[in-house]
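Overview (structure and organization)
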Amino acid sequence: MSFTRRQVFGLTIGAAAFVAAGSRVSFAATDQTEEAIKAFTGGAEPKKGTVSLDTPEIAENGNTVPVGVSVDSPMTADNYVESVLILADGNPNPAVATFHFTAMSGAAEAKTRIRLAKTQNVIAVAKMNDGSSFIDSKEVKVTIGGCGG
Amino acid sequence: MAEPKPRVKVPKKAAAGEVITIKTLISHPMESGQRKDKQGNLIPRQIINKFTCEFNGQVVFSCDMDPAVSANPYMEFSAKVNEPGTFKFTWVDDDGSVYETEKKITVE
Amino acid sequence: MANRTKRIATMFAAMMVGTSASLAGGPVDDKLVIDGELEINTRVPAPEGHPFDELISGWHYRTPETRDLEADSFQNPGMLYVERGEEIWNTVDGAAGKSCASCHEDAETFLKGLGASYPKWNEEAGKPFNIELQINQCREQNMQAEPYKFDADDQKALTTYIKHQSLGMPMHVDLSEGEMQDWWEKGKELYYTRTGQLNLACATCHENYNGNYIRADHLSQGNVNGFPTYRLKQSAMVSLHNRFRGCIRDTRAAFPPAFSDDLMALEVYVTWRGTGLDIETPAVRQ
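Residues numbered from 1 in each chain as written. Chains lettered and ligands numbered in written order. Predicted model: local features only at pLDDT ≥ 70, side-chain atom pairs only at ≥ 80, totals over all residues. Heavy atoms only, no water.

Let us now look at helix α2 (residues 30-41) of chain A. Residues and elements named next belong to chain A. Its 12 residues place the ends of α2 17 Å apart at the C-alpha level, agreeing with the 16 Å of an ideal helix rising 1.5 Å per residue. Those residues of α2 that are buried are in contact with β5 (81-88), β6 (95-101), β8 (120-128) and β9 (133-142). Of the residues flanking the end of α2, it is Gly 42, one or two places downstream, whose phi is positive at about 75 degrees. (Helix = DSSP H or I, 4+ residues; strand = E, 2+ residues; numbered from the N terminus. Expected span 1.5 Å × (residues − 1). Contact = heavy atoms within 4.5 Å.)

Below is the structure:
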């Protein structure tokens, strides 16, 4: 058992007002996430590797979290990444965005900014033109701000 | 904010076959449909749900967006440029509005 | 349980004796260079009579991702409001058929450094004016237009545009004009006055505890050189008086109206506390 920042802070400033709502409704999105992945890959289990997610370890605010994805692919007319599905498994709805690439993309890379309701896993699933699929997942800790946050 | 306004950053020129980076940003609240107003009523969802980048009429990159994309959506991606031409960028709003902008590129 | 209590006590002691620099919530050592071209002075020596030796912009208290967002003028969402503000500057409004640009023809020259010198003494009003009040006076007297309501989107966009024209220029408030010194004194008194159910003064957090954590967040010196600021939380521009009111609300006190004498005095004093820090508008914060 260990203390939390919240407890430590409670001691230092002693202000009950800063204590966040202790119990939050947790969203049962895991099944939804599984389903979304299956629907995207056509039922296939995606393999690890080839796709990589770039996310911050800690997000200062869940409203704007930078997320980047890149897939190792030559991106030629007969060997390219068709699309990449981005999911957030702790959001009320796990769907975030789907990137669609073509051979004209040159590289299968994209960046955007997303909303995360709480600390959770961000998941990227890449679908190649030959039907194979790959997955990466990163946990992002979403902090609860102080007065300014 | 007033009417959503797109911003796009594309290099002015590229070498033939070069893979360039394109950055786009558009002002839009991306109302998620999850928030409530002061009276406790759900604020209806209104987001940009589709972004497309074309080059000389061919799709380079597109993105389907869900309400989990942040307000003022930002999109960064690559494009391989083999010839001079025009990039066309299109954002489609839930209400059917379409916001567009174009950028030319020369190839040396 | 006993072990846990002991650990908490140890941590508590460590926090109380720690200096701000030695704590994880302190400022990071980094340089703000916008688009790789314009270096912003985010750490400067404090003016005479200041309680600190060094003034540090809130930028240093943010995560690498948030700092990067401000350093890239394309990615910075606040720049959308700068562009909108420029449109407003050039748009005719009101019965006189004028825009800002009708009187101030050469905006680039006229606005350069202007935002860095506010709040300023306004003789006619007999009080300090910030950019928002100055815009409203122009709208009423010269444009015969309705003054903006507090935090109207157009007010925030136009203020952001005007302040942005001083990007990278040091903030300086002229206390020698009119009764500015008296307003400074009044602002100082407010800064150190504990208020609200939580009994906190501005100084409690931003002078005594800056560099420490407040929940999972970092307490900065509370400098105002980046306002209006793009806040990730609101995903929009936040004005200085909105931030003042938010801070006071969080102490659980009744908060004064925007542009009231209290908040104008506070703006004069807090702006002085950041003397020499470069304007960052639109800064990006959490």
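That covers the picture; the talk isn't over yet.
Residues and elements named next belong to chain C. A sheet is described by the order of its strands in space; here three strands give the open sequence β10-β9-β11, paired in mixed fashion. The strands lining the two open edges of the sheet, one partner per strand, are β10 (236-238) and β11 (284-285). Direction of pairing for strand β9 (residues 229-231) relative to β11: parallel, over a ladder of two bridges. Within β11, the residue paired with Arg 231 across the bridge is Arg 285. (Pairing = 2+ DSSP bridges.)

Residue and element names in this part refer to chain A. A cluster of like negative charges, contributed by Asp 31, Glu 34, Glu 35 and Glu 45, occupies part of the molecular surface. As for its position among the elements, Glu 45 is in the loop between α2 and β1 (47-48). On the basis of relative accessibility, which here comes to 64%, the residue Glu 45 falls in the exposed class. (Patch = residues over 30% accessible without salt bridge, like charges linked within 9 Å, V, L, I, M, F, W, Y side chains within 5 Å. Areas by Shrake-Rupley, 256 points an atom, 1.4 Å probe, with all protein chains shown as cover. Salt bridge = Lys/Arg side-chain N within 4 Å of Asp/Glu carboxyl O. Lys, Arg positive; Asp, Glu negative; His and termini not counted. Charge placed at Lys NZ, Arg CZ, Asp CG, Glu CD. Buried < 20%, exposed > 50% of the residue type's maximum accessible area, 1.4 Å probe, protein only.)

With that settled, consider the nonpolar core. By size, the foremost hydrophobic cluster in this structure holds 55 residues, and its most contacted members are A:Val84, A:Phe99, B:Phe61, B:Phe87 and B:Phe89. Leaving out residues up to four positions away in the same chain, B:Phe89 has contacts with B:Val8, B:Val10, B:Ile22, B:Thr24, B:Phe51, B:Thr52, B:Cys53, B:Phe77, B:Tyr99, B:Glu100, B:Thr101 and B:Lys103. Counting residues in hydrophobic clusters, the runner-up holds 29 residues, among them C:Trp184, C:Ala203, C:Phe259 and C:Leu263. (Core = buried A, V, L, I, M, F, W, Y, C linked by side-chain atoms within 4.5 Å.)

Contacts between chain B and chain C engage 15 residues on the former and 15 residues on the latter. Buried area between chain B and chain C, both sides added, is near 1400 Å², and the carbon and sulfur share of it is 58%. For the pair chain B and chain C, the interface holds four salt bridges. Of the charged contacts, one joins C:Glu83 and B:Arg7 as a salt bridge, the two residues approaching to 2.8 Å between their closest N and O atoms. (Buried area = accessible area lost by both parts, 1.4 Å probe.)

The subject of this paragraph is the side chain of A:Thr112. With respect to the helices, strands and loops of the structure, A:Thr112 is situated in strand β7 (residues 108-114). A polar side-chain atom of A:Thr112 sits 2.7 Å from the main-chain carbonyl oxygen of B:Tyr74. In contact with A:Thr112, not counting residues within four places along its chain, are A:Val65, A:Pro66, A:Val67, A:Phe99, B:Val69, B:Tyr74 and B:Met75. (Polar contact = N/O pair within 3.5 Å; in protein donor to acceptor, adjacent residues only side chain to side chain.)

As a further point, take helix α3 (residues 78-89) of chain C. All names here are of chain C. Taking 1.5 Å per residue as the helical rise, α3 with its 12 residues ought to reach 16 Å, and the 17 Å between its terminal C-alpha atoms agrees with that figure. Most of α3 is tucked away: nine of the 12 residues are buried. If you check which residues of α3 are buried, you get Gly 78, Met 79, Leu 80, Tyr 81, Val 82, Arg 84, Gly 85, Ile 88 and Trp 89.

Attention now moves to the interface of chain A and chain B. Tallying the contact residues gives 24 residues for chain A and 30 residues for chain B. For chain A, the biggest contributors to the area lost against chain B are A:Met104, A:Arg113 and A:Arg115; these three give 34% of the whole. For the pair chain A and chain B, the number of links is one salt bridge. One salt bridge in this structure joins B:Glu76 and A:Lys111, with 3.7 Å as the shortest N-O distance. Connecting chain A to chain B are 20 residue pairs in polar contact (both at pLDDT 80 or more).

Let us look at the domain arrangement of chain C. Residue and element names in this part refer to chain C. Assigned domains of chain C: these are domain 1 (27-74 + 171-285) and domain 2 (78-164). Taking the mean C-alpha position of each, domain 1 and domain 2 sit 22 Å from one another. Surface buried jointly by domain 1 and domain 2 totals about 2400 Å² across both partners, of which 66% is contributed by carbon and sulfur atoms. Counting the surface domain 1 buries against domain 2, the share from its top three residues, Met 237, Phe 259 and Met 264, is 25%. Joining domain 1 to domain 2, the criterion identifies one salt bridge. Among the salt bridges present, the one from Asp 261 reaches Lys 127, with a minimum N-O distance of 3.8 Å. (Domains from an automatic or database assignment.)

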